[in-house]
Structures are given as structure tokens and as C-alpha cells.
Amino acid sequence: MAVAEQRVAERKFLRGLYEDPYFPDQVLDQGVAILTALCERIEAERPADLAALYVLTDAATEEFNALEAAFEAAGSEIETVAREEIAEEFWVIASAYGFAGADPERLVGARYW
């Protein structure tokens, strides 16, 4: 399913991380897939409120938690710069779907990174 919301469909997720050779593209591609899948789930499920949105963002955050092993295997990690950029992408997604009042920290509240 293609993402319909133009603000996220046209966005290059994790752009800043792709520009840094410390972060391997093949792992970042997996992160982009997680973010894209989050957009698709939001469009399919149409969460009615923040609580419903947080269920979806928690699931996507858990996928990023699992991705940490791939970063480490590639000689990288989800460190401060990556944490901030990933969290920003979650907030951009939430805002694009009408949840600009979402708590940025709560959007990635299930993170281990």
C-alpha cells in the first residue's frame, strides 16, 4: 500500500543519518521501512485519539528496538544523533496525520535506545 499523505509520502526519512557514513544505508533502509509501515498503519487504522496513535507508535518503536542489533552488527548504533532524528520522524508523522499535540517523548516511549 502506498502512503497517501503527501507530507510524509514525499519526505526522505532519516535523511541526516544517510548523510553520515557512520550509519549503514542497509540498516537505515530498514528504519525507513518501519516508518513507512507506520504511516500505512495510521492510514489503514485511522486512530481516533492519541492513545490509539501511541499503540501504533509503540509497535514501530519496538521494531526500532529490534533494529539495534543490525546497527551493532554493522559497527554502528542508535546513539544520540540517531535517537533524535528517529524521534523527530515519529513526530513529523504524528503531525502530518493531525496529531501535532502528541508528546514527542511518548511517541517513542517504548524505546530502549
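The coordinates are above.
Draft legend 1. Representation of the pattern of salt bridges within the structure. Counted under the stated rule, the structure contains five salt bridges. A salt bridge links E5 to R7; the nearest nitrogen and oxygen atoms lie 2.8 Å apart. For R41, the salt bridge identified is with E45, shortest N-O distance 3.2 Å. Of this pair, R41 and E45 both sit in helix 3 (residues 25-45), four residues apart, roughly one helical turn. When its relative accessible area of 35% is taken as the criterion, R41 is described as partly exposed. The exposure class assigned to E45 is partly exposed, which follows from its relative accessible area of 45%.

Draft legend 2. Structural context of helix 3. The terminal C-alpha atoms of helix 3, which comprises 21 residues, lie 30 Å apart, in line with the 30 Å expected from a rise of 1.5 Å per residue. Elements in contact with the buried residues of helix 3: helix 1 (6-9), helix 2 (15-18), helix 4 (50-73) and helix 5 (80-96).

Draft legend 3. Focus on the environment of R11. Following the sequence through the fold, R11 ends up in the loop between helix 1 and helix 2. The partly exposed category is assigned to R11, whose relative accessible area is 33%. In this structure, the C-alpha to C-alpha distance between R11 and V55, residues 44 residues apart in sequence, is 23 Å. With residues near it in sequence (within four places) discarded, R11 still touches E89 and V92.

Draft legend 4. Representation of the packing of helix 3 against helix 5 within the structure. One can describe the packing of helix 3 onto helix 5 by two numbers: an axis separation of 11 Å at closest approach and a directional angle of 20 degrees. Between helix 3 and helix 5, the interaxial angle falls into the category roughly parallel. The handedness of the crossing between helix 3 and helix 5 comes out as right-handed. Residues L35, L38, C39 and I42 of helix 3 pack against E89, F90 and I93 of helix 5. Here the contact of helix 3 with helix 5 is composed, by residue class, of six nonpolar, no polar and one charged.

Cut-offs applied
Residues numbered from 1 in each chain as written. Predicted model: local features only at pLDDT ≥ 70, side-chain atom pairs only at ≥ 80, totals over all residues. Heavy atoms only, no water. Salt bridge = Lys/Arg side-chain N within 4 Å of Asp/Glu carboxyl O. Helix = DSSP H or I, 4+ residues; strand = E, 2+ residues; numbered from the N terminus. Buried < 20%, exposed > 50% of the residue type's maximum accessible area, 1.4 Å probe, protein only. Expected span 1.5 Å × (residues − 1). Contact = heavy atoms within 4.5 Å. Axes fitted to C-alpha atoms, helices over the stretch in contact; angles between N-to-C directions. Parallel < 35°, antiparallel > 145°, perpendicular 65-115°, else oblique. Left-handed = near helix turned anticlockwise from the far one by under 90°. Nonpolar A, V, L, I, M, F, W, Y, C, P; charged D, E, K, R; others polar.

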